[in-house]
Amino acid sequence: MPSLKLLEAWRQTLALSRLAPGETAVILAGPIADPANLAAAKLAAGEAGARTLAIELGEAPTIRLAGESTAHYGPTALTGNRAAIEAMKSADMVIDLMGIDRGSEQREILEAGTRILLVKEPPEVLMRLVPTPEQKRRVAAAAARLGRARSMTVRSGSGTDLTVALGEYPCLVQYGFADEPGRWDHWPSAFVATWPNEGTANGTVVLDRGDAILPFKEYVRSPVALTIRDGYIRAIEGEFDALYLGDYMAQFRDSEGYAVSHLGWGLEPRAHWTALGLYDKRQSNAMEARSFAGNFMFSTGPNAEGGGNRRTPCHLDIPMRGCSLWLDGEPVLDAGELVAGEEGA
Ligand SMILES: [Fe+2]
């Protein structure tokens with residue numbers, strides 16, 4: 001049985017996701033779904049009056065390094081499983097405890113009007129970071145701002161100076177619940193991002209001590225300088241962290257893995273950059289690191305989720321501290337802090 005606090009967290013999140021009597025909810029579980037979350041999801045969906053259907057899938061067709069679904073974009077056990085895909089397309093909501101491949105069958109399910117809520121964090125993280133309507137308001141305001149922008153510039157005291165053109169791709173808007181038909185979200189989340197126009201990312205990104213590289217789930221201990229030209233990382237320089245990062249990316253033998261991917265910032269004041277250091281790696285999905293207020297999230301690899309054609313399995317999310325960010329010359333972050341008015345104005 002899940003704890004009462006966990007059950008209450010699920011109740012609140014499914015209520016925000018507008019799970020209603022008479023709706024059908026598919027609860028999708030893979031081999032590593034947390035048993036307490038699986039039990040709480042079934043109970044809370046049932047309490048909401050929904051018809052529930054649990055689908056448990058087996059192993060993914062490819063063996064993933066360290067079992068990381070967020071590190072390796074590619075086929076899952078759902079890929080090609082038409083019976084399961086059709087069940088989800090005919091449902092109102094999918095509670096995804098497994099991790100559907102974002103760029104392929106997920107899009108088909110969303111286009112059928114089904115809403116999807118991904119939940120991979122352990123119960124304790126979920127209980128601390130239950131989403132709120134206020135959070136949606138702040139994230140939506142930031143997304144509206146980002147959606148209007150045609151350029152983003154990011155600088156930092158450690159030497160980052162990156163400029164990209166925007167407008168080709170939509171915004172990635174995550175506030176932790178899926179409340180509209182065809183909407184995907186991830187509990188817990190509070191950030192916005194978008195993908196740069198093809199080939200327009202230019203400059204230098206210097207990862208500094210304390211920035212987190214995901215999926216490594218490690219903090220950078222020595223600066224890493226990334227030289228970026230025409231949308232791709234062209235050089236990775238530094239000491240141990242640069243060596244490790246460079247070698248990891250090279251393993252994929254895919255030049256598209258060096259592309260600049262989604263760029264944005266975190267908006268969750270309850271999330272802390274230090275939390276990542278307190279969990280075992282397999283225990284957490286690091287959504288807290290992606291969401292803490294004022295982080296600039298740099299990322300690399302695919303853009304299929306945003307509607308682009310880049311489908312590389314190599315994907316890194318890198319929440320950075322201490323960055324200043326401007327949209328069309330207007331400040332949004334100042335040295336890692338949300339500029340006044342950007343907390344949700
Ligand atoms: Fe990402």
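This report concerns the structure included in the present document. (Residues numbered from 1 in each chain as written. Predicted model: local features only at pLDDT ≥ 70, side-chain atom pairs only at ≥ 80, totals over all residues. Heavy atoms only, no water.)

Here's the deal with the sheet that holds strand β8 (residues 184-187)
The strand order β2-β1-β3-β4-β8 describes an open sheet built from five strands, whose pairing is parallel. The outermost strands of the open sheet, each flanked by one partner alone, are β2 (51-56) and β8. Pairs of neighbouring strands in the sheet enclose a mean axial angle of 20°, with direction left out of account. Note: strand β4 (residues 115-119) against β8, four bridges, orientation parallel. (Pairing = 2+ DSSP bridges. Helix = DSSP H or I, 4+ residues; strand = E, 2+ residues; numbered from the N terminus. Axes fitted to C-alpha atoms, helices over the stretch in contact; angles between N-to-C directions.)

Quick notes on the side chain of T160
Within the secondary structure, T160 sits in the loop between β5 (151-156) and β6 (161-165). Discounting chain neighbours no more than four positions away, the residues touching T160 are V154, R155, T204, V205, V206 and M320. (Contact = heavy atoms within 4.5 Å.)

Describing the environment of D34
In this fold, D34 is placed in the loop between β1 (24-29) and α2 (35-47). On the basis of relative accessibility, which here comes to 27%, the residue D34 falls in the partly exposed class. Measuring from C-alpha to C-alpha, the distance between D34 and V119 comes to 9.6 Å, with 85 residues separating the pair along the chain. Reaching out from D34, the side chain makes a polar contact with the backbone nitrogen of A36 at a distance of 2.8 Å. (Buried < 20%, exposed > 50% of the residue type's maximum accessible area, 1.4 Å probe, protein only. Polar contact = N/O pair within 3.5 Å; in protein donor to acceptor, adjacent residues only side chain to side chain.)

So, α2
The terminal C-alpha atoms of α2, which comprises 13 residues, lie 18 Å apart, in line with the 18 Å expected from a rise of 1.5 Å per residue. Contacts from the buried residues of α2 go to α1 (4-16), β1, β2, β3 (93-96) and α5 (123-128). Its side-chain oxygen placed 2.8 Å from the backbone nitrogen of A36, D34 serves as the N-cap of α2. (Expected span 1.5 Å × (residues − 1).)

Structural notes on a nonpolar patch on the surface
A contiguous nonpolar patch, built from F240, L243 and Y244 and spanning about 370 Å² of accessible area, is present on the exposed surface. Tracing the sequence through the fold places F240 in helix α7 (residues 240-250). By relative accessible area, which is 53% here, F240 ends up exposed. (Patch = residues over 30% accessible without salt bridge, like charges linked within 9 Å, V, L, I, M, F, W, Y side chains within 5 Å. Areas by Shrake-Rupley, 256 points an atom, 1.4 Å probe, with all protein chains shown as cover. Salt bridge = Lys/Arg side-chain N within 4 Å of Asp/Glu carboxyl O.)

Considering the coordination of the iron ion
Bound to the iron ion on the protein side are H262 (NE2), H315 (NE2), D317 (OD) and D317 (OD), at distances that span 2.1 to 2.7 Å. Considering all four donor atoms around the iron ion, the spread of angles at the metal, 51 to 121°, places the coordination shape in the irregular class. (Donors = N, O, S within 2.8 Å, 3.2 Å for Na, K, Ca; no water. Tetrahedral: all angles 85-135°; square planar, octahedral: opposite > 155°, others 65-115°.)

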